[in-house]
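# Observations on the three-dimensional arrangement
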Amino acid sequence: MDETEFWELIDATREAAEGDPEEQADLLVERLLQLDPESVLDFARHFEVRYHRAYTWDLWGAAWVLLDGASDDAFDFFRCWLIGQGREVYEGGVHDPDSLADLLDDFDEEVDGDGEELGYAADEAYEQLTGTVAPDLGIAPAAAEPEGTPVDFENEAVLAERYPRLWDRFRE
């Protein structure tokens, strides 16, 4: 599976789920079950690389603004959700987290921002296909700390200055 096929699966399942991340995860498992186990592992590698790439302080700050706070786990689930939004939103958000203010149509913190189940879709599909747990993907583990300069999440003035578009759109 190449990168284009990866994003096509993400987009097709998001559209079919009408943006509901849990439904998208279910549909993604169904679609992955139609593939061979090695293709499922390829999908998992694509997902994991993007998940690690999104482990930045800047993006965590954006998640904090959008979710009105984001613990370690909430940020993990946010990164899964961000991947589930498709290539344009993902790449834009990783490159310039404040651009999420322009890239997201709507954002309901009760539904959006939590794609935990998306992070397990490939593992679930692989296990159903083979009856075994997915092997190690051969990808270096995530860094112990997010990349970049730490953000003072508790300081609203810092957040408003660092993420002016997100702050104006989603917090005021």
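Throughout what follows, the structure given in this document is the object of discussion. (Residues numbered from 1 in each chain as written. Predicted model: local features only at pLDDT ≥ 70, side-chain atom pairs only at ≥ 80, totals over all residues. Heavy atoms only, no water.)

Take the packing of aromatic side chains next. Evaluated as defined, the whole model comprises 13 aromatic pairs. Note on Phe107 and Phe170: the rings are 6.1 Å apart at their centroids and 70 degrees apart in plane angle, and the pair reads as edge-to-face. You can see Phe107 sitting in the loop between helix H7 (100–103) and helix H8 (121–130) and its partner Phe170 sitting in helix H10 (residues 164–170), a full 63 residues away along the chain. Three or more aromatic residues link up through ring pairs in this structure, and these residues are Tyr55, Trp57, Trp60, Trp64, Phe75 and Phe153. (Phe/Tyr/Trp six-rings, centres within 6.5 Å; stacked < 30°, edge-to-face > 60°. Helix = DSSP H or I, 4+ residues; strand = E, 2+ residues; numbered from the N terminus.)

Glancing now at the pattern of salt bridges. Under the counting rule described, the total for this entry stands at 13 salt bridges. The closest approach of N and O atoms between Arg45 and Asp42, which form a salt bridge, is 3.0 Å. Here the residue Arg45 and the residue Asp42 both occupy positions in helix H3 (residues 37–53), the gap between them amounting to three residues, near one helical turn. The partner of Arg171 in a salt bridge is Glu156, and the shortest N-O contact between them spans 3.5 Å. Here Arg171 is found in the segment after H10, whereas its partner Glu156 is found in helix H9 (residues 156–162), with 15 residues between them in sequence. The exposure class of Arg171 is partly exposed, given its relative accessible area of 23%. (Salt bridge = Lys/Arg side-chain N within 4 Å of Asp/Glu carboxyl O. Buried < 20%, exposed > 50% of the residue type's maximum accessible area, 1.4 Å probe, protein only.)

This part covers the nonpolar core. If you look at the biggest cluster of nonpolar residues, it comprises 51 residues, and the most contacted ones within it are Leu32, Phe43, Leu59, Phe78 and Leu100. Looking at this core element by element, the count peaks at nine residues for helix H4 (residues 57–67). Setting aside chain neighbours within four positions, we find Phe78 in contact with Leu59, Ala63, Leu66, Leu67, Leu100 and Gly113. (Core = buried A, V, L, I, M, F, W, Y, C linked by side-chain atoms within 4.5 Å. Contact = heavy atoms within 4.5 Å.)

Its twelve residues give helix H2 (residues 21–32) an end-to-end C-alpha distance of 16 Å, which sits within 8% of 16 Å, the value for a rise of 1.5 Å per residue. Taken together, the buried positions of H2 are Pro21, Gln24, Ala25, Leu27, Leu28, Val29 and Leu32. (Expected span 1.5 Å × (residues − 1).)

The next thing to look at is the side chain of Arg79. When you line up the elements, Arg79 lands in helix H5 (residues 72–84). According to the relative accessible area criterion, Arg79 is buried, its value standing at 3%. In this structure Arg79 touches Tyr51, His52, Ala54 and Tyr55, once residues within four positions along its chain are discounted.

In this section: H8. Among all positions in H8, only Ala121, Ala122, Ala125 and Tyr126 are buried. One side of H8 carries all its buried residues, which in axial view fall inside an arc of 125 degrees. In the core, the buried residues of H8 are packed alongside H2 and H3. One or two residues past the end of H8 sits Gly131, with phi positive at roughly 80 degrees. (Arc of directions from axis to C-beta.)

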